[in-house]
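# Fold and geometry: a report
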Amino acid sequence: MTNRSSTRHAFLAAIAASVCFCIAISPAFAQQSTPRDPTEPQQGQPHSKLLPRPAAAIARQSVDEKSMRALIDQLVSCGTRLSLSSWTDAKRGIGCGRDHIVARLNEIAKESGGKLQVVVDKFGSTSERTSGKPLPLQSVYAILPGSDPKLAKTLFIVSGHYDSRPSDVMNTEADAPGADDDASGVSVSVESARLLSKAAATGRGGYRATLLFAAIPGEEQGLLGGYRLLEWAKQQGYTVGGMLDDDIVGDDPSPGAPHRVRLFSGNGEIDDCDSPGRELARAIEEIDGRENIRMIFRVDRYGRGGDHYPFYKAGLPAVRFTEPLEDYTHQHQTPRTENGIEYGDFAKYLNASFLGDVARDNAEALGQLAMAPAPPTNARLTGAVTPDAKVSWSAEEDPERSGFEILWRETTEPRWQVYDFAAAPGETVLRGVSTDNHFFAVRAVGKNGARSIAIPTEIERRPPPLPAGTKQ
Ligand SMILES: [Zn+2]
């Protein structure tokens, strides 16, 4: 464990060093790697002021793997947690699952000195997979209110779904242990609640925005809990700052485990692969390190879906964590043995070390995002057909903010680099930088070193001229 954390520090230091390196001698670097391209800017240097990220990161060894496994075992012991199964039987069915989650969160709330609030949200929902009839459902939320009066209306969510399914998604009788899909994600959400509420209770943390730890039903019947969570957040008057969906995050059977968790983010419907979800993914990778996060630039695994999807479709920053390589004999399968192959989603296949890594990476990302100032608004890029790029943005007053980082990247690069720092909102002119050759974004930086997600600049749309007489 200490190994991993020292590797992480060395890695982050290496990233910081490489960022500084690029900024300090970027023309030489650029000439080496792309010798026939002109350097940008032609003269002078970018001005960067890199604040270190928040100290006192959540230590990997503080993750309670035993309690995570205990919760998973309790959920599996419910036999099935199909959303169509019993909500009232304490021993078998989805109500049994709800009871175990509420009990565990209540324990954690107690340890938090009353900071964490546990809520059961009852609602009804209909889909093809409820036989077209309204199905009564219950979501479990644990809420850690933000300390900043304005930012407390912004919500950072981590969610796992606690329903499970056998091969036939309408069969309420068959066993559906659902250890990996998705008791594992629920255990990550619940453990994040413990880690972050403990930090808040001991005066560490300083989470300015509100954190929501969700365990939701109805995923297998058509993302019913995910759609409800989005609606609930809106009804409560929250802005969603980020939604981290953990679904199938416990198994890592390939040799050499634990491996990196995959983090899926969709392209969105705007240009340049810069959707809010993509910016959230980049922020998480930067916080947790490339050695821990494998970004995948697609909304979900091929042909699959998850509870981040309703948020993604609403244009909100939402991503999905999933294990490195899935074993389909363990998913959505009624337990059985056929031709010598054992089917079923049992806890014995889980990798505690990998699952603990995922919990730590979720909690650290959520914590840092909740410590950050609000992201800037109205980020714009102007200066087309001039030698200089002009980046402008707005932001409300915030005495806890240090300033803003102007980010850029080559259009073919997956990650941002810090280009410049500005103390106040307004316009920054990047002299001698082409608007054509890079993408730009802005993010806010707190005095504590926590960064908001980046907001890509919008560009002026200038459609090419059409031949005379052509209708647009
Ligand atoms: Zn799932």
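Just above sits the structure.
Notes on the structure follow. Since the model is a prediction, treat every value here as computed from it, not as a measurement.

### Here we look at the coordination of the zinc ion
Surrounding the zinc ion are the protein donor atoms His-161 (NE2), Asp-181 (OD), Asp-247 (OD) and Asp-247 (OD), at 2.0 to 2.6 Å. Every donor counted, the four donor atoms about the zinc ion form angles of 53 to 145° at the centre, which fits irregular coordination. Every donor residue of the zinc ion comes from the same chain, spaced as H-x19-D-x65-D. One end of the pair, Asp-181, is in helix α5 (residues 179–201); the other, Asp-247, is in the loop between β5 (239–246) and β6 (261–264), with 66 residues separating them in the sequence. Overall, the relative accessible area of 4% leaves Asp-181 in the buried class. Using a relative accessible area of 2% as the deciding quantity, one classes Asp-247 as buried.

### A short note on the pattern of salt bridges
Evaluated as defined, the whole model comprises 33 salt bridges. Via salt bridges that share partners, Asp-247, Arg-262, Asp-300, Arg-301, Arg-304, Arg-320 and Glu-326 belong to a single interconnected network.

### Describing the state of the cysteines
Scanning the entire structure with this criterion turns up one disulfide. Sulfur-sulfur distance for the disulfide between Cys-78 and Cys-96 comes to 2.0 Å. Residues Cys-78 and Cys-96 are joined by a disulfide whose S-S torsion is about -75°; by sign, that bridge is left-handed. Of this pair, Cys-78 sits in the loop between α3 (65–76) and α4 (94–111) while Cys-96 is found in helix α4, placing the two residues 18 residues apart along the sequence. Accessibility assignment for this pair places Cys-78 and Cys-96 in one class, buried.

### Section: the environment of Phe-354
Residue placement: Phe-354 occurs in helix α9 (residues 352–371). The sequence separation of Phe-354 and Glu-323 amounts to 31 residues, and the corresponding C-alpha distance is 8.6 Å. Beyond its immediate stretch of four places on either side in the chain, Phe-354 contacts Val-249, Gly-250, Asp-251, Asp-252, Pro-258, His-259, Arg-260, Val-261, Glu-323 and Pro-324.

### Regarding unusual backbone geometry
Here the amide bond leading from Glu-40 into Pro-41 is cis, since omega sits at -5°, within 30 degrees of zero. Residue position: Pro-41 is located in the loop between α2 (26–33) and α3. Cis geometry marks the peptide bond from Ala-257 to Pro-258; its omega dihedral reads 0°. Structurally, Pro-258 is set in the loop between β5 and β6. The residue Ile-248 is not glycine, and still its phi comes out positive at about 70°. Note that Ile-248 resides in the loop between β5 and β6. Note on Ile-248: relative accessible area 1%, which makes it buried. For Asn-378, which is not glycine, the phi torsion reads 50° and is therefore positive. By the secondary structure assignment, Asn-378 is in strand β11 (residues 377–382).

### Focus on the sheet that holds strand β3 (residues 154–161)
What holds strands together in a sheet is hydrogen bonding between their backbones, with the strands either parallel or antiparallel. Pairing is mixed across the open sheet formed by eight strands, whose spatial order is β1-β2-β4-β3-β5-β8-β6-β7. Of all the strands in the sheet, just β1 (117–125) and β7 (293–296) have a single pairing partner and so form its edges. Ignoring which end each strand starts from, the neighbouring axes of this sheet average 25° apart. Relative to β5, β3 runs parallel, the two being bridged by six bridges. Note on β5: the bridge partner recorded for Leu-155 is Val-240. Along the sheet, α5 makes contact with β2 (135–144), β3, β4 (210–216) and β5, crossing β3 at roughly 145°. The sheet strands contacting α9 are β3, β4, β5, β6, β7 and β8 (318–322), and the helix crosses β3 at an angle near 165°.

Rules of the game
Residues numbered from 1 in each chain as written. Predicted model: local features only at pLDDT ≥ 70, side-chain atom pairs only at ≥ 80, totals over all residues. Heavy atoms only, no water. Donors = N, O, S within 2.8 Å, 3.2 Å for Na, K, Ca; no water. Tetrahedral: all angles 85-135°; square planar, octahedral: opposite > 155°, others 65-115°. Helix = DSSP H or I, 4+ residues; strand = E, 2+ residues; numbered from the N terminus. Buried < 20%, exposed > 50% of the residue type's maximum accessible area, 1.4 Å probe, protein only. Salt bridge = Lys/Arg side-chain N within 4 Å of Asp/Glu carboxyl O. Disulfide = S-S within 2.5 Å. Contact = heavy atoms within 4.5 Å. Pairing = 2+ DSSP bridges. Axes fitted to C-alpha atoms, helices over the stretch in contact; angles between N-to-C directions.

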